[in-house]
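Okay, here's what each chain looks like letter by letter:
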Amino acid sequence: MRIVLGVGGGIAAYKVASLLRLFTEAGHDVTVIPTEAATRFVGTATWEALSGNPVSNSVFDDVHQVNHVRLGHEADLVVIAPATADLLAKAATGQAGDLLTNTLLMAHGPVLFAPAMHTEMWQHPATRANVETLRGRGAAVLEPASGRLTGSDSGPGRLPEPDAIFDAAMALVHGQTDFQLPLAGKTVTISAGGTREPLDPVRFLGNRSSGKQGVALAIAARNAGATVRLLAAHMEVPPPPGVEVVNVETALQLREAALAAAADSDVVIMSAAVADFRPAEISDTKIKKRDDTADPVITLVRNPDILQELVERRNQGVTGPAADRQLIVGFAAETGDEHGDVRAYAEAKLQRKGCDLLVVNHVGSDKVFGKDTNSVVILARSGSEPQEASGTKADVSAAIISRIGFELNQVSHRA
Ligand code: C5P
(Lines give C-alpha, C1' and ligand atoms only; values in the text may rest on other atoms or scores of the structure.)
Protein backbone atom coordinates (compact mmCIF):
# COMPACT_ATOMS: atom_id res chain seq x y z
CA MET A 1 0.00 0.00 0.00
CA ARG A 2 1.20 3.54 -0.71
CA ILE A 3 0.98 5.74 2.36
CA VAL A 4 1.65 9.45 2.79
CA LEU A 5 2.66 10.21 6.36
CA GLY A 6 2.26 13.92 7.09
CA VAL A 7 4.11 15.00 10.22
CA GLY A 8 2.98 18.13 12.05
CA GLY A 9 5.19 20.45 14.10
CA GLY A 10 4.66 19.14 17.62
CA ILE A 11 6.94 17.42 20.10
CA ALA A 12 5.03 14.17 19.52
CA ALA A 13 6.73 14.05 16.08
CA TYR A 14 9.43 11.93 17.70
CA LYS A 15 6.91 9.14 18.35
CA VAL A 16 5.94 9.16 14.67
CA ALA A 17 9.32 7.66 13.78
CA SER A 18 8.02 4.45 15.45
CA LEU A 19 4.74 4.70 13.53
CA LEU A 20 6.75 4.98 10.30
CA ARG A 21 8.65 1.81 11.26
CA LEU A 22 5.37 -0.04 11.84
CA PHE A 23 4.17 0.93 8.35
CA THR A 24 7.42 0.01 6.59
CA GLU A 25 7.83 -3.26 8.51
CA ALA A 26 4.31 -4.20 7.41
CA GLY A 27 5.57 -3.80 3.83
CA HIS A 28 4.04 -0.42 2.96
CA ASP A 29 5.71 2.21 0.81
CA VAL A 30 5.70 5.41 2.85
CA THR A 31 6.40 8.95 1.71
CA VAL A 32 6.92 11.25 4.66
CA ILE A 33 5.98 14.91 4.35
CA PRO A 34 7.01 16.83 7.46
CA THR A 35 5.94 20.42 7.88
CA GLU A 36 8.68 23.02 8.22
CA ALA A 37 8.01 23.09 11.98
CA ALA A 38 8.14 19.29 12.25
CA THR A 39 11.73 19.28 10.95
CA ARG A 40 12.69 21.38 13.97
CA PHE A 41 11.69 18.42 16.14
CA VAL A 42 12.84 15.51 13.94
CA GLY A 43 15.18 16.13 11.00
CA THR A 44 14.60 15.23 7.37
CA ALA A 45 17.49 12.71 7.48
CA THR A 46 15.58 10.58 10.00
CA TRP A 47 12.48 10.46 7.81
CA GLU A 48 14.51 9.68 4.67
CA ALA A 49 16.51 6.92 6.35
CA LEU A 50 13.50 5.25 7.92
CA SER A 51 11.21 5.52 4.88
CA GLY A 52 13.79 4.91 2.16
CA ASN A 53 12.14 7.68 0.14
CA PRO A 54 13.12 11.29 -0.52
CA VAL A 55 11.54 13.81 1.84
CA SER A 56 10.41 17.35 1.12
CA ASN A 57 7.57 19.70 1.92
CA SER A 58 8.17 22.06 -0.98
CA VAL A 59 6.01 22.18 -4.07
CA PHE A 60 9.14 23.40 -5.91
CA ASP A 61 11.23 20.23 -5.42
CA ASP A 62 11.12 17.71 -8.32
CA VAL A 63 8.55 19.86 -10.09
CA HIS A 64 8.70 17.61 -13.18
CA GLN A 65 7.05 14.86 -11.10
CA VAL A 66 4.17 17.17 -10.20
CA ASN A 67 4.38 15.95 -6.61
CA HIS A 68 1.73 18.35 -5.29
CA VAL A 69 -0.85 16.47 -7.37
CA ARG A 70 0.69 13.00 -7.68
CA LEU A 71 1.34 12.13 -4.03
CA GLY A 72 -2.26 12.66 -2.91
CA HIS A 73 -3.65 11.00 -6.02
CA GLU A 74 -1.55 7.89 -5.70
CA ALA A 75 -1.82 7.43 -1.93
CA ASP A 76 -4.01 4.58 -0.69
CA LEU A 77 -3.97 6.24 2.71
CA VAL A 78 -2.89 9.59 4.19
CA VAL A 79 -2.04 9.71 7.89
CA ILE A 80 -1.36 12.99 9.68
CA ALA A 81 0.49 12.57 12.98
CA PRO A 82 0.78 14.56 15.06
CA ALA A 83 -2.15 16.58 13.70
CA THR A 84 -1.47 19.91 15.38
CA ALA A 85 -4.13 22.61 15.91
CA ASP A 86 -2.45 24.50 13.04
CA LEU A 87 -2.59 21.54 10.62
CA LEU A 88 -6.22 20.78 11.49
CA ALA A 89 -7.09 24.43 10.82
CA LYS A 90 -5.22 24.43 7.50
CA ALA A 91 -6.89 21.19 6.43
CA ALA A 92 -10.36 22.39 7.47
CA THR A 93 -10.01 25.63 5.51
CA GLY A 94 -8.44 23.98 2.48
CA GLN A 95 -5.16 25.86 2.54
CA ALA A 96 -2.48 24.83 0.07
CA GLY A 97 0.68 26.67 1.08
CA ASP A 98 3.00 23.65 1.09
CA LEU A 99 3.32 20.10 -0.26
CA LEU A 100 1.47 18.50 2.67
CA THR A 101 -1.62 20.70 2.46
CA ASN A 102 -1.66 20.29 -1.35
CA THR A 103 -1.53 16.52 -0.84
CA LEU A 104 -4.49 16.67 1.55
CA LEU A 105 -6.53 18.52 -1.08
CA MET A 106 -5.62 15.87 -3.66
CA ALA A 107 -6.13 12.79 -1.45
CA HIS A 108 -8.43 10.22 -3.01
CA GLY A 109 -8.14 7.53 -0.33
CA PRO A 110 -8.97 7.64 3.39
CA VAL A 111 -7.37 10.34 5.53
CA LEU A 112 -6.63 9.79 9.20
CA PHE A 113 -5.71 12.63 11.58
CA ALA A 114 -4.06 11.67 14.88
CA PRO A 115 -4.20 14.90 16.91
CA ALA A 116 -1.76 15.93 19.63
CA MET A 117 -1.77 19.29 21.37
CA HIS A 118 -2.35 20.87 24.76
CA THR A 119 -5.79 20.08 26.22
CA GLU A 120 -6.94 23.70 26.02
CA MET A 121 -6.06 23.91 22.34
CA TRP A 122 -7.88 20.62 21.69
CA GLN A 123 -10.96 21.86 23.54
CA HIS A 124 -10.94 25.36 22.02
CA PRO A 125 -14.11 26.05 20.00
CA ALA A 126 -11.99 26.83 16.93
CA THR A 127 -10.35 23.39 17.03
CA ARG A 128 -13.67 21.67 17.83
CA ALA A 129 -15.20 23.35 14.76
CA ASN A 130 -12.27 22.34 12.56
CA VAL A 131 -12.51 18.72 13.73
CA GLU A 132 -16.26 18.68 13.05
CA THR A 133 -15.68 20.14 9.59
CA LEU A 134 -13.10 17.48 8.76
CA ARG A 135 -15.26 14.65 10.12
CA GLY A 136 -18.22 16.07 8.21
CA ARG A 137 -16.18 15.72 5.02
CA GLY A 138 -15.44 12.09 5.76
CA ALA A 139 -11.98 12.36 7.27
CA ALA A 140 -11.22 10.21 10.32
CA VAL A 141 -10.06 12.24 13.30
CA LEU A 142 -8.90 10.15 16.25
CA GLU A 143 -9.66 11.27 19.76
CA PRO A 144 -6.32 12.07 21.38
CA ALA A 145 -5.25 9.95 24.33
CA SER A 146 -5.39 11.41 27.84
CA GLY A 147 -2.55 11.63 30.28
CA ARG A 148 0.63 13.48 30.96
CA LEU A 149 1.28 16.29 28.47
CA THR A 150 4.66 17.81 27.64
CA GLY A 151 4.57 20.04 30.71
CA SER A 152 3.51 19.04 34.20
CA ASP A 153 -0.23 19.10 33.47
CA SER A 154 -2.33 16.32 32.05
CA GLY A 155 -5.58 15.81 30.12
CA PRO A 156 -6.71 14.82 26.64
CA GLY A 157 -4.17 15.83 24.00
CA ARG A 158 -1.52 13.12 23.97
CA LEU A 159 -0.73 11.52 20.64
CA PRO A 160 -2.26 8.01 20.64
CA GLU A 161 0.42 5.30 20.80
CA PRO A 162 1.96 4.36 17.42
CA ASP A 163 0.42 0.85 17.65
CA ALA A 164 -3.01 2.39 18.14
CA ILE A 165 -2.63 4.78 15.18
CA PHE A 166 -1.42 1.87 13.07
CA ASP A 167 -4.46 -0.24 14.04
CA ALA A 168 -6.85 2.66 13.41
CA ALA A 169 -5.26 3.28 9.98
CA MET A 170 -5.63 -0.38 8.99
CA ALA A 171 -9.23 -0.46 10.22
CA LEU A 172 -9.98 2.63 8.15
CA VAL A 173 -8.43 1.17 5.02
CA HIS A 174 -10.55 -1.95 5.48
CA GLY A 175 -13.67 0.19 5.59
CA GLN A 176 -14.38 -0.28 9.29
CA THR A 177 -16.15 2.58 10.99
CA ASP A 178 -15.04 1.71 14.53
CA PHE A 179 -11.54 3.06 14.05
CA GLN A 180 -11.74 5.26 17.16
CA LEU A 181 -9.65 4.15 20.11
CA PRO A 182 -12.11 2.23 22.28
CA LEU A 183 -10.96 3.77 25.58
CA ALA A 184 -10.17 7.32 24.43
CA GLY A 185 -10.86 9.79 27.24
CA LYS A 186 -11.30 7.01 29.84
CA THR A 187 -9.31 6.54 33.04
CA VAL A 188 -8.45 2.93 33.80
CA THR A 189 -6.97 1.69 37.09
CA ILE A 190 -5.26 -1.70 36.97
CA SER A 191 -3.80 -3.60 39.91
CA ALA A 192 -1.01 -6.02 39.05
CA GLY A 193 1.43 -8.44 40.62
CA GLY A 194 1.26 -10.17 43.98
CA THR A 195 1.02 -8.59 47.42
CA ARG A 196 3.64 -9.39 50.05
CA GLU A 197 2.57 -9.64 53.66
CA PRO A 198 5.49 -9.11 56.05
CA LEU A 199 6.21 -11.44 58.96
CA ASP A 200 9.26 -9.58 60.19
CA PRO A 201 11.76 -7.14 58.61
CA VAL A 202 13.16 -9.82 56.28
CA ARG A 203 10.39 -12.34 55.65
CA PHE A 204 7.03 -12.16 53.96
CA LEU A 205 4.18 -14.32 52.73
CA GLY A 206 3.91 -13.91 48.99
CA ASN A 207 2.49 -15.60 45.93
CA ARG A 208 3.58 -16.58 42.46
CA SER A 209 2.02 -13.75 40.47
CA SER A 210 4.56 -12.21 38.06
CA GLY A 211 2.52 -9.13 37.14
CA LYS A 212 2.87 -9.99 33.42
CA GLN A 213 -0.87 -10.15 32.78
CA GLY A 214 -1.50 -6.86 34.62
CA VAL A 215 1.29 -5.12 32.72
CA ALA A 216 0.00 -6.50 29.40
CA LEU A 217 -3.43 -5.12 30.33
CA ALA A 218 -1.89 -1.72 31.13
CA ILE A 219 -0.22 -1.65 27.71
CA ALA A 220 -3.43 -2.68 25.94
CA ALA A 221 -5.47 -0.06 27.83
CA ARG A 222 -2.87 2.63 27.12
CA ASN A 223 -2.83 1.68 23.45
CA ALA A 224 -6.63 1.87 23.42
CA GLY A 225 -6.32 5.55 24.36
CA ALA A 226 -6.95 5.36 28.11
CA THR A 227 -5.17 7.18 30.90
CA VAL A 228 -3.78 4.24 32.86
CA ARG A 229 -2.93 4.03 36.52
CA LEU A 230 -1.05 0.88 37.47
CA LEU A 231 -1.23 -0.16 41.11
CA ALA A 232 1.90 -2.29 41.17
CA ALA A 233 2.36 -4.89 43.90
CA HIS A 234 5.42 -7.14 43.56
CA MET A 235 6.10 -7.67 39.84
CA GLU A 236 8.83 -9.52 37.96
CA VAL A 237 8.46 -7.23 34.94
CA PRO A 238 8.93 -3.45 34.75
CA PRO A 239 5.89 -1.20 34.41
CA PRO A 240 5.39 0.03 30.83
CA PRO A 241 6.07 3.62 29.76
CA GLY A 242 3.15 6.01 29.44
CA VAL A 243 1.29 4.85 32.55
CA GLU A 244 1.17 6.31 36.04
CA VAL A 245 2.56 3.85 38.60
CA VAL A 246 1.63 3.59 42.28
CA ASN A 247 3.82 1.06 44.10
CA VAL A 248 2.27 -0.97 46.90
CA GLU A 249 3.41 -3.95 48.90
CA THR A 250 0.63 -5.29 51.12
CA ALA A 251 -3.07 -5.93 50.58
CA LEU A 252 -3.92 -3.08 52.96
CA GLN A 253 -1.74 -0.67 50.98
CA LEU A 254 -3.33 -1.89 47.76
CA ARG A 255 -6.79 -1.38 49.26
CA GLU A 256 -5.97 2.22 50.13
CA ALA A 257 -4.50 2.91 46.68
CA ALA A 258 -7.42 1.20 44.89
CA LEU A 259 -10.13 3.08 46.80
CA ALA A 260 -8.37 6.39 46.12
CA ALA A 261 -7.81 5.63 42.43
CA ALA A 262 -11.37 4.37 41.93
CA ALA A 263 -12.72 7.82 42.78
CA ASP A 264 -12.06 9.10 39.25
CA SER A 265 -11.79 5.88 37.27
CA ASP A 266 -14.15 4.76 34.54
CA VAL A 267 -12.78 1.24 34.79
CA VAL A 268 -11.06 -0.67 37.61
CA ILE A 269 -9.38 -3.97 36.78
CA MET A 270 -8.26 -6.04 39.76
CA SER A 271 -5.72 -8.36 38.20
CA ALA A 272 -3.42 -8.40 41.23
CA ALA A 273 -3.10 -11.58 43.26
CA VAL A 274 -4.12 -10.19 46.64
CA ALA A 275 -3.22 -12.25 49.71
CA ASP A 276 -6.40 -13.42 51.41
CA PHE A 277 -4.60 -13.56 54.76
CA ARG A 278 -1.84 -11.64 56.49
CA PRO A 279 0.13 -12.46 59.63
CA ALA A 280 -1.77 -11.19 62.68
CA GLU A 281 1.43 -9.70 64.03
CA ILE A 282 4.48 -8.29 62.33
CA SER A 283 7.60 -8.72 64.42
CA ASP A 284 9.76 -5.57 64.64
CA THR A 285 12.86 -7.72 64.78
CA LYS A 286 13.83 -10.79 62.81
CA ILE A 287 12.19 -13.90 64.26
CA LYS A 288 15.15 -15.86 65.64
CA LYS A 289 15.82 -19.55 65.21
CA ARG A 290 16.66 -20.73 68.69
CA ASP A 291 17.04 -24.23 70.06
CA ASP A 292 15.65 -23.36 73.47
CA THR A 293 12.23 -22.11 72.23
CA ALA A 294 9.36 -23.85 70.46
CA ASP A 295 8.99 -23.44 66.70
CA PRO A 296 7.00 -20.28 65.93
CA VAL A 297 3.34 -20.52 65.01
CA ILE A 298 2.05 -17.90 62.62
CA THR A 299 -1.51 -16.72 63.16
CA LEU A 300 -3.19 -15.31 60.08
CA VAL A 301 -6.03 -12.83 59.83
CA ARG A 302 -8.21 -12.13 56.81
CA ASN A 303 -7.47 -9.29 54.48
CA PRO A 304 -10.37 -7.19 53.23
CA ASP A 305 -11.72 -8.19 49.83
CA ILE A 306 -10.83 -5.09 47.81
CA LEU A 307 -12.79 -6.08 44.72
CA GLN A 308 -15.95 -6.63 46.71
CA GLU A 309 -15.49 -3.33 48.53
CA LEU A 310 -14.99 -1.47 45.24
CA VAL A 311 -18.24 -2.94 43.95
CA GLU A 312 -20.13 -2.01 47.14
CA ARG A 313 -18.82 1.55 47.04
CA ARG A 314 -19.69 1.84 43.37
CA ASN A 315 -23.20 0.55 44.03
CA GLN A 316 -23.66 3.01 46.90
CA GLY A 317 -22.54 5.88 44.64
CA VAL A 318 -19.54 6.68 46.87
CA THR A 319 -17.16 6.51 43.95
CA GLY A 320 -18.05 9.90 42.49
CA PRO A 321 -20.21 11.32 39.75
CA ALA A 322 -19.36 8.55 37.28
CA ALA A 323 -20.19 5.84 39.85
CA ASP A 324 -23.22 4.47 38.07
CA ARG A 325 -21.15 3.91 34.95
CA GLN A 326 -17.99 2.60 36.52
CA LEU A 327 -17.04 -0.82 35.19
CA ILE A 328 -15.32 -3.19 37.62
CA VAL A 329 -13.43 -6.23 36.42
CA GLY A 330 -12.19 -9.05 38.64
CA PHE A 331 -9.89 -11.96 37.99
CA ALA A 332 -10.30 -15.48 39.26
CA ALA A 333 -7.63 -18.14 39.29
CA GLU A 334 -9.60 -21.34 39.68
CA THR A 335 -9.08 -25.07 39.83
CA GLY A 336 -11.91 -27.60 39.62
CA ASP A 337 -12.44 -30.31 42.24
CA GLU A 338 -14.89 -33.10 43.04
CA HIS A 339 -17.59 -30.52 43.97
CA GLY A 340 -17.57 -28.58 40.73
CA ASP A 341 -15.70 -27.56 37.62
CA VAL A 342 -13.80 -24.32 37.04
CA ARG A 343 -16.75 -22.62 35.30
CA ALA A 344 -19.20 -23.43 38.11
CA TYR A 345 -16.86 -22.00 40.75
CA ALA A 346 -16.26 -18.92 38.60
CA GLU A 347 -20.00 -18.27 38.10
CA ALA A 348 -20.50 -18.43 41.86
CA LYS A 349 -17.60 -16.04 42.41
CA LEU A 350 -19.01 -13.57 39.87
CA GLN A 351 -22.31 -13.47 41.75
CA ARG A 352 -20.62 -13.25 45.14
CA LYS A 353 -18.25 -10.43 44.18
CA GLY A 354 -20.80 -8.55 42.08
CA CYS A 355 -18.25 -7.23 39.56
CA ASP A 356 -19.32 -6.59 35.95
CA LEU A 357 -16.79 -8.89 34.29
CA LEU A 358 -14.82 -11.78 35.74
CA VAL A 359 -11.78 -13.03 33.84
CA VAL A 360 -11.31 -16.67 34.74
CA ASN A 361 -7.99 -18.52 34.55
CA HIS A 362 -7.74 -22.24 34.89
CA VAL A 363 -4.66 -22.60 37.07
CA GLY A 364 -2.38 -25.49 37.85
CA SER A 365 1.27 -25.67 38.84
CA ASP A 366 2.31 -25.48 35.16
CA LYS A 367 -0.27 -22.93 34.06
CA VAL A 368 -0.52 -19.14 34.07
CA PHE A 369 1.86 -17.99 36.81
CA GLY A 370 4.96 -16.39 35.32
CA LYS A 371 4.12 -17.72 31.85
CA ASP A 372 3.86 -15.59 28.71
CA THR A 373 0.68 -17.23 27.49
CA ASN A 374 -2.75 -17.50 29.02
CA SER A 375 -6.18 -18.88 28.29
CA VAL A 376 -9.20 -17.28 29.89
CA VAL A 377 -12.98 -17.14 29.86
CA ILE A 378 -14.62 -13.75 30.36
CA LEU A 379 -17.89 -14.02 32.28
CA ALA A 380 -20.31 -11.09 32.37
CA ARG A 381 -22.82 -10.36 35.14
CA SER A 382 -25.20 -9.06 32.48
CA GLY A 383 -25.56 -12.75 31.58
CA SER A 384 -24.26 -12.40 28.03
CA GLU A 385 -22.40 -15.36 26.53
CA PRO A 386 -19.05 -16.26 28.12
CA GLN A 387 -16.19 -15.26 25.83
CA GLU A 388 -13.00 -17.29 25.49
CA ALA A 389 -9.61 -15.75 24.75
CA SER A 390 -6.21 -17.37 24.56
CA GLY A 391 -2.73 -16.68 23.25
CA THR A 392 0.03 -14.46 24.56
CA LYS A 393 -0.83 -12.34 27.58
CA ALA A 394 -0.85 -9.39 25.11
CA ASP A 395 -3.48 -11.17 22.94
CA VAL A 396 -5.60 -11.99 25.98
CA SER A 397 -5.29 -8.39 27.20
CA ALA A 398 -6.38 -7.03 23.82
CA ALA A 399 -9.50 -9.22 24.00
CA ILE A 400 -10.27 -8.11 27.57
CA ILE A 401 -9.77 -4.41 26.75
CA SER A 402 -11.90 -4.66 23.63
CA ARG A 403 -14.65 -6.35 25.69
CA ILE A 404 -14.38 -3.54 28.26
CA GLY A 405 -14.74 -0.97 25.45
CA PHE A 406 -17.85 -2.80 24.26
CA GLU A 407 -19.37 -2.94 27.78
CA LEU A 408 -18.70 0.79 28.37
CA ASN A 409 -20.46 1.53 25.13
CA GLN A 410 -23.48 -0.49 26.25
CA VAL A 411 -23.55 1.42 29.55
CA SER A 412 -23.42 4.81 27.84
CA HIS A 413 -26.24 3.73 25.52
CA ARG A 414 -28.34 2.67 28.52
CA ALA A 415 -27.64 5.89 30.44
O1 C5P B 1 -11.61 -14.53 45.91
P2 C5P B 1 -10.45 -14.53 44.94
O3 C5P B 1 -9.13 -14.19 45.59
O4 C5P B 1 -10.36 -15.75 44.09
O5 C5P B 1 -10.83 -13.37 43.94
C6 C5P B 1 -9.94 -12.90 43.00
C7 C5P B 1 -10.30 -11.49 42.60
O8 C5P B 1 -10.53 -10.71 43.77
C9 C5P B 1 -9.16 -10.81 41.89
O10 C5P B 1 -9.71 -9.84 41.02
C11 C5P B 1 -8.38 -10.16 43.03
O12 C5P B 1 -7.62 -9.07 42.57
C13 C5P B 1 -9.50 -9.74 43.94
N14 C5P B 1 -9.18 -9.76 45.39
C15 C5P B 1 -9.28 -8.60 46.12
N16 C5P B 1 -9.01 -8.60 47.47
C17 C5P B 1 -8.67 -9.73 48.09
C18 C5P B 1 -8.59 -10.94 47.36
C19 C5P B 1 -8.85 -10.92 46.02
O20 C5P B 1 -9.60 -7.56 45.53
N21 C5P B 1 -8.41 -9.70 49.39
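Parameters and conventions
- Residues numbered from 1 in each chain as written.
- Predicted model: local features only at pLDDT ≥ 70, side-chain atom pairs only at ≥ 80, totals over all residues.
- Heavy atoms only, no water.
- Pairing = 2+ DSSP bridges.
- Helix = DSSP H or I, 4+ residues; strand = E, 2+ residues; numbered from the N terminus.
- Axes fitted to C-alpha atoms, helices over the stretch in contact; angles between N-to-C directions.
- Contact = heavy atoms within 4.5 Å.
- UniProt positions renumbered as here; feature names shortened; annotations may be inferred.
- Buried < 20%, exposed > 50% of the residue type's maximum accessible area, 1.4 Å probe, protein only.
- Arc of directions from axis to C-beta.
- Polar contact = N/O pair within 3.5 Å; in protein donor to acceptor, adjacent residues only side chain to side chain.
- Near = heavy atom within 4 Å.
- Areas by Shrake-Rupley, 256 points an atom, 1.4 Å probe, with all protein chains shown as cover.
- Nonpolar A, V, L, I, M, F, W, Y, C, P; charged D, E, K, R; others polar.
- Expected span 1.5 Å × (residues − 1).
- Domains from an automatic or database assignment.
- Buried area = accessible area lost by both parts, 1.4 Å probe.
- Salt bridge = Lys/Arg side-chain N within 4 Å of Asp/Glu carboxyl O.
- Phe/Tyr/Trp six-rings, centres within 6.5 Å; stacked < 30°, edge-to-face > 60°.

Visitor: I'd love a proper account of the sheet that holds strand β13 (residues 267-270), names of residues and values included.
Guide: If you trace the 8 strands from one edge of the open sheet to the other, you get β12-β11-β8-β13-β16-β17-β18-β19, paired in mixed fashion. Taken across any chain shown, the strands that pair with only one partner, and hence form the sheet edges, are β12 (244-247) and β19 (387-392). The sheet shows a mean angle of 20° between the axes of neighbouring strands, taken without regard to direction. As defined by bridge partners, β13 adjoins strand β16 (residues 327-334) across 4 bridges and the pair is classed as parallel. In the sheet register, Val267 faces β16, and the bridge partner there is Leu327. Contacts from helix α10 (residues 212-223) reach β8 (187-192), β11 (227-232), β13, β16 and β18 (373-380) within the one sheet, and its direction differs from that of β8 by about 165°. The strands touched by helix α11 (residues 251-262) are β8, β11, β12 and β13; relative to β11, the strand with the most contacts, the crossing angle is about 165°.

Visitor: Quick rundown of the UniProt feature "binding site: CTP" (unreviewed entry) in the protein chain? Include the residues and the values.
Guide: Residues annotated by UniProt as "binding site: CTP" (unreviewed entry) correspond here to Asp276, Lys286, Pro304, Asp305, Ile306, Leu307, Phe331, Lys349 and Lys353. Maximum C-alpha separation among the annotated residues is 37.8 Å over a sequence range of 78 residues, too wide for a single clustered spot. By the element assignment, Lys286 lies in the loop between β14 (277-279) and β15 (300-302). On the secondary structure map, Phe331 appears in strand β16.

Visitor: Residue-level account of helix α4 (residues 67-74), with values.
Guide: Looking only at α4, the buried set comprises Asn67, Leu71 and Gly72. Taken down its axis, α4 places every buried residue within 115° of arc, on the same side. In this fold, the buried residues of α4 make contact with β1 (2-7), β2 (29-34) and α6 (99-106).

Visitor: Any chance you could break down the side chain of Thr119 for me, citing the residues and the numbers?
Guide: Relative to the assigned elements, Thr119 resides in helix α7 (residues 119-123). Judged by its relative accessible area of 10%, Thr119 falls in the buried class. There is a polar contact of 2.8 Å between the side chain of Thr119 and the backbone oxygen of Pro156. Ignoring any residue separated from it by four or fewer positions in sequence, one finds Thr119 in contact with Leu149, Ser154, Gly155 and Pro156.

Visitor: Talk me through the site of the ligand; I want residue IDs and the actual numbers.
Guide: Near the ligand you find Met270, Ala272, Val274, Asp276, Pro304, Asp305, Ile306, Leu307, Gly330, Phe331, Lys349 and Lys353, and these make up its full shell. Within the backbone of Phe331, one N or O atom sits 2.8 Å away from an oxygen atom of the ligand. Expressed as a share of its isolated accessible area of 450 Å², the protein-covered part of the ligand is 88%. Residue composition of the shell around the ligand, by class: 7 nonpolar, 1 polar and 4 charged.

Visitor: How would you explain α10 if you had to name every residue and give the values?
Guide: One turn of an α-helix holds 3.6 residues; hence residues three or four places apart share an orientation. Helix length check: α10 (12 residues) gives 16 Å between terminal C-alpha atoms against 16 Å at 1.5 Å per residue, within 8%. With 10 of its 12 residues buried, α10 lies for the most part within the structure. One or two positions beyond α10, positive phi appears at Gly225, with a value near 100°.

Visitor: Lay out the pairing of β8 with the relevant residues and their values.
Guide: Within β8, 6 of the 6 residues are buried, which leaves it mostly tucked inside the rest of the structure. Alternating positions in β8 separate into two faces, Thr187, Thr189 and Ser191 on one and Val188, Ile190 and Ala192 on the other, with burial throughout. Looking at chain direction, β8 and β11 are connected through 6 bridges and run parallel. Across the sheet, the residue bridging to Thr189 is Arg229, located in β11. Summarising the sheet, β8 and β13 pair through 4 bridges and their orientation is parallel. Looking at β13, one finds that Ile190 is bridged to Ile269.

Visitor: Please set out the domain arrangement of the protein chain residue by residue, giving values where relevant.
Guide: Segmenting the protein chain into domains produces domain 1 (2-180) and domain 2 (187-414). Distance between the C-alpha centres of domain 1 and domain 2: 38 Å. Overall, the association of domain 1 and domain 2 removes approximately 460 Å² of surface from exposure, summing both partners, and the carbon and sulfur fraction of that is 48%. Across the domain 1-domain 2 interface, the total number found is 1 salt bridge. In this structure, the connection of domain 1 to domain 2 is made through 1 residue pair in polar contact (both at pLDDT 80 or more). Among the secondary structure elements, those contributing two or more residues to the side of domain 1 that touches domain 2 are β6 (145-148) and α9 (162-173). Element by element, the count of residues in the side of domain 1 that touches domain 2 is highest for β6, at 3 residues. Classifying every residue of the side of domain 1 that touches domain 2 by side-chain character gives 2 nonpolar, 2 polar and 3 charged.

Visitor: Residue-level account of the packing of aromatic side chains, with values.
Guide: Taken as a whole, this structure holds 1 aromatic pair when the rule is applied. Measuring from ring centre to ring centre gives 5.5 Å for Phe23 and Phe166, while their planes differ by 40°; the resulting arrangement is tilted. Of this pair, Phe23 sits in helix α1 (residues 13-25) while Phe166 sits in helix α9; the two residues are 143 residues apart in sequence, bridging distant segments of the chain. Judged by relative accessible area, which is 0%, Phe23 ranks as buried. Using a relative accessible area of 17% as the deciding quantity, one classes Phe166 as buried.

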